[in-house]
Amino acid sequence: MVDAFGVAVVGFGWMGRVHTQAYARVRHHYPRLALRPELVTVAEEVPGRAEEAVAQYGFTDAVRDWREVAADPRVRAVSITAPNFLHREIGVAMAEAGKHIWIEKPVGLTATDARAVADAVARAGVQGAVGFNYRNAPAVEAARELIAAGELGTVTHVRVRLFSDYAAHPDSALTWRYERERGGSGVLGDLASHGADLIRFLLGPIASLTADTAVFVPERARPTGATAGHSRSAGGELGPVENEDYVSCLLRLASGARGVLEACRVSVGEQNNYGFEVHSTKGAVFWDFRRMNELGVSRGTSYQDQPVSTVYVGPGDGEFGAFQPGAANPMGYDDLKVVEAYRFLRSVAEGEPYGATLADAVHSAAALDAMVRSAESGSWVNVAQA
């Protein structure tokens with residue numbers, strides 16, 4: 001018997017829409033899922049947004065204050081897609097109210113914030129999923145299996161890049177995203193958090209690192225009204241950008257492998273250039289998010305002049321089979337969030353975690369904190385393990 005399951009979304013910007021659409025689609029792709037999500041409430045303080053969500057997606061109710069969601073007995077699980085500085089307060093409150101939570105990364109501004117939410121989830125005995133969506137790509141999961149099976153030999157080094165231009169325009173509005181108090185560590189939380197998670201997902205814990213950061217667009221115009229996404233605000237009063245546009249770091253992994261992680265939000269000419277290169281003693285594997293369903297794989301016994309083959313993932317890789325019947329058919333970004341919704345709801349139904357958890361968020365946040373400390377001190381910093 002399928003259990004009707006009330007869900008709510010707190011924060012209805014772009015990511016709130018993505019979560020909502022994932023709930024709407026999840027049983028189309030996973031018809032045997034034991035829970036049927038029902039859109040009960042959407043909470044959004046920007047006038048008109050919540051009402052738009054009701055009209056477009058069929059939520060039963062719209063509220064301005066997320067605390068009404070915490071008190072609503074119809075709601076059994078909550079997607080938390082509000083700005084970063086609200087993650088801790090909302091996450092802890094929802095867990096304490098007995099709600100399962102699906103929360104976007106980086107889960108607050110620091111590892112202390114992420115740990116507070118993780119502890120609240122553990123105390124309440126609810127499930128907690130985190131939006132590390134890139135690890136859900138079937139090609140990434142295939143790469144992980146390839147590495148774990150030893151087919152490439154022993155991993156020697158990895159490079160992860162996350163370059164984007166979403167903040168490259170000098171007229172981008174000075175929103176919460178660029179403030180230290182509300183946006184945390186800038187591109188570290190936005191993009192490098194994914195990089196830290198991918199490295200740990202593929203290769204195990206990061207032991208230590210040394211990092212350098214920079215702000216390349218030091219001032220932006222303050223917005224005069226409500227903003228959405230990466231709005232522009234030319235002509236307004238200028239204010240300082242307080243957090244990082246760019247980070248690069250050298251990594252030492254617990255396995256002994258070495259790594260490089262680089263992320264930038266102001267890279268003109270780069271749109272979602274995210275990916276990794278893992279090199280090993282007998283081969284290598286390459287992934288580019290813009291060609292999400294492909295891997296470049298080099299393996300064999302040639303060592304020198306060894307070729308790289310393009311491998312298209314198929315129904316046997318990760319969750320690909322829930323979306324497409326044969327290899328080389330495309331999946332897209334929104335599909336990764338459907339996978340995330342499925343794993344979250346399966347965790348709730350079965351009482352054990354599937355997919356990225358709050359523990360993964362704590363590990364990623366600890367790496368980000370280490371990057372901040374290293375950039376301030378100019379030295380190598382150990383990464384705290386949860």
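S.K.: Teacher, can you tell me more about the packing of helix α8 (residues 187–203) against helix α10 (residues 358–377) here?
M.R.: When two helices pack together, their arrangement is given by the angle between their axes and by how far apart the axes lie. Between α8 and α10, whose axes approach to 9 Å, the crossing angle comes to 120°. In the packing of α8 onto α10, the handedness of the crossing is right-handed. Facing Leu188, Gly189, Ala192, Ser193, Ala196, Asp197 and Arg200 of α8, the residues of α10 in contact are Asp360, His363, Ser364, Ala367, Leu368, Met371 and Val372. Of the residues that constitute the contact of α8 with α10, the class distribution is seven nonpolar, four polar and three charged.

S.K.: What is the right way to look at the pairing of strand β5 (residues 100–103) in this model?
M.R.: Of the two faces of β5, both are covered, the one formed by His100 and Trp102 as well as the one formed by Ile101 and Ile103. Viewed along the sheet, the connection from strand β4 (residues 77–80) through helix α4 (residues 87–96) into β5 turns out right-handed. Across three bridges, the pairing between β5 and strand β6 (residues 128–130) is parallel. Counted as the bridge partner of isoleucine 103 is valine 130 from β6. Regarding the hand of the β-α-β motif, the stretch spanning β5, helix α5 (residues 111–124) and β6 is right-handed.

S.K.: Where do I start with the pattern of salt bridges in this structure?
M.R.: Where charged atoms of side chains with opposite charge meet at close range, the side chains can pair. Throughout the structure, instances matching the rule amount to 28 salt bridges. Notably, a salt bridge pairs aspartate 65 with arginine 67, separated by 3.1 Å at the nearest N-O pair. For aspartate 65, a relative accessible area of 29% corresponds to the partly exposed category. Look at arginine 67 and you get partly exposed, because its relative accessible area is 43%.

S.K.: Help me understand the nonpolar core in this model?
M.R.: A general feature of soluble globular proteins is that nonpolar side chains tend to end up buried together. With 94 residues, the main nonpolar core has Val285, Trp287 and Met371 as its most contacted residues. Take this core: its biggest share by element is 10 residues, from α8.

S.K.: Looking at this model, I keep getting lost on the sheet that holds strand β12 (residues 258–264). Mind explaining?
M.R.: The pairing of strands in a sheet comes from backbone hydrogen bonds and takes either a parallel or an antiparallel form. Here nine strands make up an open sheet; going across it, the order is β16-β15-β14-β13-β7-β12-β11-β8-β17 and the pairing mixed. Every interior strand has two partners, whereas the edge strands, β16 (309–312) and β17 (381–382), have only one. By the bridge criterion, four bridges tie strand β15 (residues 294–298) to β16 in an arrangement that is antiparallel. Looking at the pairing, glutamate 294 lines up with tyrosine 312 of β16. Sheet strands in contact with α10 are β8 (206–214), β11 (246–253), β12 and β17, and its direction is about 55° off that of β8.

Cut-offs used in this document
- Residues numbered from 1 in each chain as written.
- Predicted model: local features only at pLDDT ≥ 70, side-chain atom pairs only at ≥ 80, totals over all residues.
- Heavy atoms only, no water.
- Axes fitted to C-alpha atoms, helices over the stretch in contact; angles between N-to-C directions.
- Helix = DSSP H or I, 4+ residues; strand = E, 2+ residues; numbered from the N terminus.
- Left-handed = near helix turned anticlockwise from the far one by under 90°.
- Contact = heavy atoms within 4.5 Å.
- Nonpolar A, V, L, I, M, F, W, Y, C, P; charged D, E, K, R; others polar.
- Buried < 20%, exposed > 50% of the residue type's maximum accessible area, 1.4 Å probe, protein only.
- Right-handed = clockwise from strand over helix to strand, strands pointing away.
- Pairing = 2+ DSSP bridges.
- Salt bridge = Lys/Arg side-chain N within 4 Å of Asp/Glu carboxyl O.
- Core = buried A, V, L, I, M, F, W, Y, C linked by side-chain atoms within 4.5 Å.

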